[in-house]
Amino acid sequence: MTSVDIIYDKTHFRHDPKWSGRLGPAEGGGLLLCVACVIEMLESDDIASVRKSFALSGISGLLKCSPGALRELLRQDHRVSLRFTASLLGMLQTVEDPATLEKVDQVLVQLLLELQSELSFHFVLDEIHKQLSDQLSVKGFLPTFNFLGSLVEAAPNVAHSLVTQFVPLLEHLCSALLYPDEGLKASVLCVWLKLFRTAGGSAVQSLPVAIRDRVCILLLQTLANASSPLLINNCVGLLWLLVQLGEAVSVLMNSPGNQIMCDENQNIPINNSQILSQNQEQQSLDHCPLPLILKKLLLSGDETLQVTSAKCIAAILVHSPSQYSAPFIKADVPEFLFDRLASSSSEVLLWSVYSCLILLTEDPLFFSQCHSVYGIESLVRSLKEALQLTNLNVPKQGLLLLTEILERQPPSVRLFPSGPGFVAVSEAVVAGISSSCLLVATQAANAASALLRQNHQSIPVQYREIQGLVEAITNRLSELPLPSPAHRRSSGSLKRSAPSSQASRSRGFLLQALVCFQGVCRLAEDCASEPVLKENTFTAPSKHNHAQDSLESLCRCLLHCCDSVWIPTVIRMCECAPNPQILQLFYSILSSQFTLLPSLMPVFAKKLASSGFYRMALEHKGLLCAGNRNPNLNASCCGFLQKLSMCLLSQSSPASGSYQHDAEDVENLLLYNLPSLCCRLSDWPCLLAEAPGLQLCDYKGPRATQYCLVIMLHLALQQGDRLLPDQTVFSSVVCLLHTVQEQGNCTLPHSVLRSALYLLAMTQDKSTSLSGASLNCISKALSSCQSFSSLYIHHPALLHFICRYKELAEKCGPMVLELWLTKQAQDTDAELTMAGQQDKREKRESCEEMHEQKPDAEIMELLTLLEKYPTVILTLLDMVCTREASLAERALEVLEVFLRGQRDYEADLCTDIRTALLQSLQRLSVENMGHGQGHTSQVNSLPLVLKLLCVMQASDPPSSSSYSKMDGMHFTLLYHVNNITGRLKPTNTESLLRALSYLYCCLSLSPAHCTDRAVSMLLSNSGLMDQLQKVLSSSSSSSSSSPSSTSSTPSPSSSAGLPSALLCCSHLLLSSLITLQHVHSAQSAI
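Residues numbered from 1 in each chain as written. Predicted model: local features only at pLDDT ≥ 70, side-chain atom pairs only at ≥ 80, totals over all residues. Heavy atoms only, no water.

## Focus: the overall build of the protein
And then number 1: Secondary structure assignment for the protein yields 56 helices and 2 strands.
And then number 2: Across the protein, every contact between residues at least 6 apart in sequence was considered, and the portion connecting residues at least 24 apart equals 77%.
And then number 3: Just so you have it, the protein exposes about 47500 Å², and 53% of that area is on carbon and sulfur atoms. (Helix = DSSP H or I, 4+ residues; strand = E, 2+ residues; numbered from the N terminus. Contact = heavy atoms within 4.5 Å. Areas by Shrake-Rupley, 256 points an atom, 1.4 Å probe, with all protein chains shown as cover.)

Below is the structure:
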């Protein structure tokens, strides 16, 4: 043999040249190869293994560089090909040199692949089977098994032939696993591993069930006793492939040793040694069940084995968690899995353990044996580590495990009995919510929802941590990349076809965040209903003063976040494509706010209503709930609308004691009729125009639905939300009143009639005037109410509506004005109450001066009414003269401002006013005479009438024709005031002051030539002169006695008890009388 040619010189000359050829690259001339020489060298015991190895290396090189060349030589006679193959197989049993064995393995595989002959493959498998059958022991078959593994891996069709046509050979492979040599077992397992892995595991489908089951049992036995790393790794690798098969898992977990042995006896001829081996298999398995084996792998220091063990457990449980979880839980596998979480930061291991534990939590036994309590701390610690990893699937899986534990944990066993545990898990969840990955944040929000259940709250409740969760979710929500409406319209079809898009992930996070927010609201409601949780009785004394760690602080945080972030975000998300799930949670959250912070709800409710929430909720009901669709959304919308309506109704409560009863009526109307009200707003006018038949229940039926519509139209309009055009509302309400009365029922519920009256008043300006029939209808409806005050709403539109129509003004005008002034009086009295310790009378005078300087909005509205409807003035005059003091004073205040601001009012109106005042004075004069010098309740109006006379006198310009002569109405008024003044008691200083002021005004403002009769009449009134003398004498006597006076209390008639204004007015009047008397005397003399 030369150094380049593969021939055997001693025998080559005897060989037929047809078995020789120069093979290899053409440019180098190639190598001379003689197949016969190679066979003789391989079969000869005289040739050194080094030379055999050299020849094999040359053949291997030729097979690589010249594919097909050797095949052409061997095709001349297939017997030579088989002999060549047999020679190589024989070397696997005889050669001991590892390097040479490696060359034999390599060349044999290359040769078979070169030939690509089923005959060659079958020949090899037959030869191996014969070798195994002829030998009592498999001691020297390690190289053969190594080769078989390489062949199965290199030629997938061999695997199929092996499992279908060479079952006896597979039996030998099973029996070989009983040999004590772990290296040989590792090699055999490698064959099985590659056999199961070949062609995606397709060969396994053809594997006989008995063989497969036997492999499962032998694998368990081998793995239980394995000690070498190679054998353990091969066992674990094969186990991982087996647990993918449901049938194999059943065998592995149930260990049916007797059944397998019987099946093998029936189908496969086996010898006594095989029977013995199977008995050993069964006995070994009884002592090493799979859960214990996998638990042992978890305890190993090899992370790869730990990962594979966890993956195997998860793969087994996936097939049937309910069937296979119990053995692992009873073997305390969860405990060891949690320990791995606490001691590792490997991404693969963490993910595998998380997945395994998620499946184990499906079994209630997991919680009854307190594995969740044992492992929650390790889980939280590992979550904090996982959130720092780059692979975001790991923290997502960990948060899913946390969610499952929190959701399935029995309420009777607390996970966080003390605060630190709850704080730790809250921090982990907050970190997850703050993750840059929306999928991780969504899962963290899901975990937060489960954490916020009442049974997970520690004692005391950690309100600060819960508030931190709410703020974290809110902050993350504000960062959502929500598209603009135009973008959503243009890309709607694209998003529907790509559910994993950014918009879809944003919607998923919003949905889960809403679930979490709703959970916080529900928790707050539960805590508020339990005094121990509300007050946090067991809080440490050092923390009792922390306002941030309280239920009220949490509720305020919820309201603030809801108002500032959640409402605009949800509205924007659902603006173009409303989502029933999102909206159902949204309206439920809004409803909860009314329960958590009742004191702040009036402002919040007004903000919601004025922002169009009535319209939005009703439109969502009509769009998404019609036809009994989305019942949960419908219920949520109804609950929100009811609470919003009742809150707004409580703010506009009528000034009567029947409010509580009316509120109950409204609540019942909304409760029974809102669920069925699932139509568009444009359909409301048709509903209001219907004339339904009689209904047995006041709260149910078409008529009750109409009442419900009227109330919501009223409450929405009251906050500026016009659900329907004004003309439509006006005509619909009038039509409703007509249909009600046509059925013979004139009585509407107070709350409905009140809403109807408000709607008519607010929408009248943009509608046509009422016809006589409509006025009559409205008048009848108002007459059906015993107390108009229960219908009154303090709004200018109601004043104008009532006073616009004579029929309504005569019936309800005085009451409306009285209620309007009473409201003003109540507001002023409230200001006086809050003023402190100042004197009430002085405060009223200062208020009057303030009103004189600048009338308030209430008075200005009445002034507008008086200008538009002058006849209202007479109603106010009647109040001044006949009503109680507080109301009369308010009416007088309005008339004062009106008269002082009017310089060109009609003469007829002036005459009417003076006539009314004259009648009042006449009545007061008669009453005063009838009671002598007594003072009755009716006379209390005298100062007000006199004051109004003064204002009128001062407001009437001197150029007016009324001043041309002191006769007629002016003189008559002066005459009655003169008489009343003379009969007043000196102690009635207020009336006396007003009377003397009026007398002085008449004298001073009238031309001198017109005052002769007035002066004569006044001077001839002895009672008036006595009054002036008493006042002036009292003043002079007080002045003379003041130096000698001591601390004695002055009498009521003394100067100290008389107002300075009265003294001044008396001096002015007396001076005016004296002056005018001299003037008239001089004129008479001339």
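Structure shown, so let's carry the discussion forward.
## What to know about the packing of helix H5 (residues 78-94) against helix H8 (residues 142-154)
And then number 1: At their nearest, the axes of H5 and H8 sit 7 Å apart, and the two run at 135 degrees to each other. The pairing of H5 with H8 is recorded here as oblique in orientation. On the side of H5, the interface is formed by Leu89, Leu92 and Gln93, while H8 contributes Pro143, Thr144 and Phe147.
And then number 2: Classifying every residue of the contact of H5 with H8 by side-chain character gives 4 nonpolar, 2 polar and no charged. (Axes fitted to C-alpha atoms, helices over the stretch in contact; angles between N-to-C directions. Parallel < 35°, antiparallel > 145°, perpendicular 65-115°, else oblique. Nonpolar A, V, L, I, M, F, W, Y, C, P; charged D, E, K, R; others polar.)

## Some words on the confidence of the model for the protein
And then number 1: Overall, the predicted model of the protein reaches an average pLDDT of 81, with 81% of residues at or above 70.
And then number 2: Ranking the helices and strands of the protein by mean pLDDT puts helix H25 (residues 393-408) first, with 96, and helix H16 (residues 257-267) last, with 37.
And then number 3: Across residues 490-499 the pLDDT falls below 50, and counting only partners more than four positions away or on other chains, this stretch makes 5 contacts in the model.
And then number 4: Contacts for the low-pLDDT stretch residues 830-841, under 50 throughout, to residues beyond four places or in other chains number 6 contacts. (pLDDT = per-residue confidence, 0-100.)

## Observations concerning the pattern of salt bridges
Oppositely charged side chains may form a pair once their charged atoms are brought near each other.
And then number 1: This model, assessed by the stated rule, comprises 16 salt bridges.
And then number 2: Residue arginine 212 pairs with aspartate 213 through a salt bridge whose shortest N-O separation is 3.2 Å.
And then number 3: The class for arginine 212 is buried, based on a relative accessible area of 12%.
And then number 4: Here aspartate 213 falls in the buried class, since its relative accessible area comes to 11%.
And then number 5: The closest approach of N and O atoms between lysine 384 and glutamate 427, which form a salt bridge, is 3.4 Å. (Salt bridge = Lys/Arg side-chain N within 4 Å of Asp/Glu carboxyl O. Buried < 20%, exposed > 50% of the residue type's maximum accessible area, 1.4 Å probe, protein only.)

## Structural notes on the state of the cysteines
And then number 1: Under the definition given, this model contains 0 disulfides.
And then number 2: With no disulfide of its own, cysteine 686 lies closest to cysteine 679 among cysteine sulfurs, the gap being 9.4 Å.
And then number 3: Its relative accessible area of 53% is what places cysteine 686 among the exposed residues. (Disulfide = S-S within 2.5 Å.)

## Points about the packing of aromatic side chains
And then number 1: Counted according to the given criterion, the structure contains 12 aromatic pairs.
And then number 2: An angle of 35 degrees between the planes, with centres 6.1 Å apart, marks the rings of phenylalanine 141 and phenylalanine 145 as tilted.
And then number 3: With relative accessibility at 2%, the residue phenylalanine 141 sits in the buried group.
And then number 4: Residue phenylalanine 145 is classed as buried on the basis of its relative accessible area, which comes to 0%. (Phe/Tyr/Trp six-rings, centres within 6.5 Å; stacked < 30°, edge-to-face > 60°.)

## With respect to the nonpolar core
Across soluble globular proteins, you tend to see nonpolar side chains buried next to one another.
And then number 1: Grouped together as the largest cluster of nonpolar side chains are 355 residues, with contacts concentrated most on Trp192, Trp684 and Phe801.
And then number 2: Residues within four places of tryptophan 684 in sequence aside, it is in contact with Leu618, Leu677, Cys679, Leu709, Met712, Leu713, Leu723 and Leu724.
And then number 3: Listed in part, the 5 residues of the second largest apolar core include Ile7, Leu32, Ala36 and Cys37. (Core = buried A, V, L, I, M, F, W, Y, C linked by side-chain atoms within 4.5 Å.)

## Details of the side chain of lysine 295
And then number 1: Along the chain, lysine 295 falls in helix H18 (residues 290-299).
And then number 2: Within the buried core, lysine 295 has no salt-bridge partner, and the shortest N-O distance to an opposite charge, that of aspartate 332, equals 5.3 Å.
And then number 3: Once residues within four sequence positions are removed from consideration, lysine 295 is found in contact with Ala331, Asp332, Val333 and Phe336. (Lys, Arg positive; Asp, Glu negative; His and termini not counted.)

## Details of the side chain of serine 732
And then number 1: Here serine 732 is to be found in helix H41 (residues 726-742).
And then number 2: Within the structure, serine 732 has its side chain in polar contact with the backbone oxygen of threonine 728 (distance 2.7 Å).
And then number 3: Those residues in contact with serine 732 that sit more than four places away from it in its chain are Pro685 and Leu688. (Polar contact = N/O pair within 3.5 Å; in protein donor to acceptor, adjacent residues only side chain to side chain.)

## Examining helix H20 (residues 321-330)
And then number 1: Taken together, the buried positions of H20 are Pro321, Tyr324, Ser325, Ala326, Phe328 and Ile329.
And then number 2: Positive phi appears at aspartate 332, one or two residues downstream of H20, with a value of about 60 degrees.

## Section: the environment of serine 53
And then number 1: Along the chain, serine 53 turns up in helix H3 (residues 49-65).
And then number 2: According to the relative accessible area criterion, serine 53 is buried, its value standing at 14%.
And then number 3: For serine 53, the residues in contact, after removing those within four places along its chain, are Thr100 and Lys103.

## Focus: unusual backbone geometry
And then number 1: Omega for the peptide link from isoleucine 459 to proline 460 comes to 5 degrees, which places this bond in the cis form.
And then number 2: Summarising the element assignment, proline 460 is placed in the loop between helix H27 (438-451) and helix H28 (463-478).
And then number 3: Notably, cysteine 370 is not glycine yet its phi reads approximately 65 degrees, a positive angle.
And then number 4: With respect to the helices and strands, cysteine 370 occurs in the loop between helix H23 (364-368) and helix H24 (371-386).
And then number 5: Taking the relative accessible area as the measure of exposure, cysteine 370 reaches 37% and is therefore partly exposed.
And then number 6: In this structure, asparagine 630 is a non-glycine residue whose phi angle is positive, near 45 degrees.
And then number 7: Looking at the element boundaries, asparagine 630 is found in the loop between helix H36 (613-624) and helix H37 (631-651).

## A look at the environment of cysteine 1002
And then number 1: The residue cysteine 1002 is located in helix H53 (residues 989-1005) in this model.
And then number 2: Looking at cysteine 1002, the relative accessible area reads 1%, which means it is buried.
And then number 3: Sequence-wise, cysteine 1002 and alanine 1014 are 12 residues apart; in three dimensions their C-alpha atoms are separated by 8.5 Å.

## Describing the environment of isoleucine 567
And then number 1: Checked against the element boundaries, isoleucine 567 lands in helix H33 (residues 551-573).
And then number 2: Isoleucine 567 gets classed as buried once you look at its relative accessible area, which sits at 7%.
And then number 3: Taking the C-alpha atoms as reference, isoleucine 567 lies 9.0 Å from leucine 590; in sequence the two are 23 residues apart.
And then number 4: Excluding residues within four positions of it along the chain, isoleucine 567 makes contact with Cys562, Phe586, Leu590, Phe604, Leu608 and Phe613.

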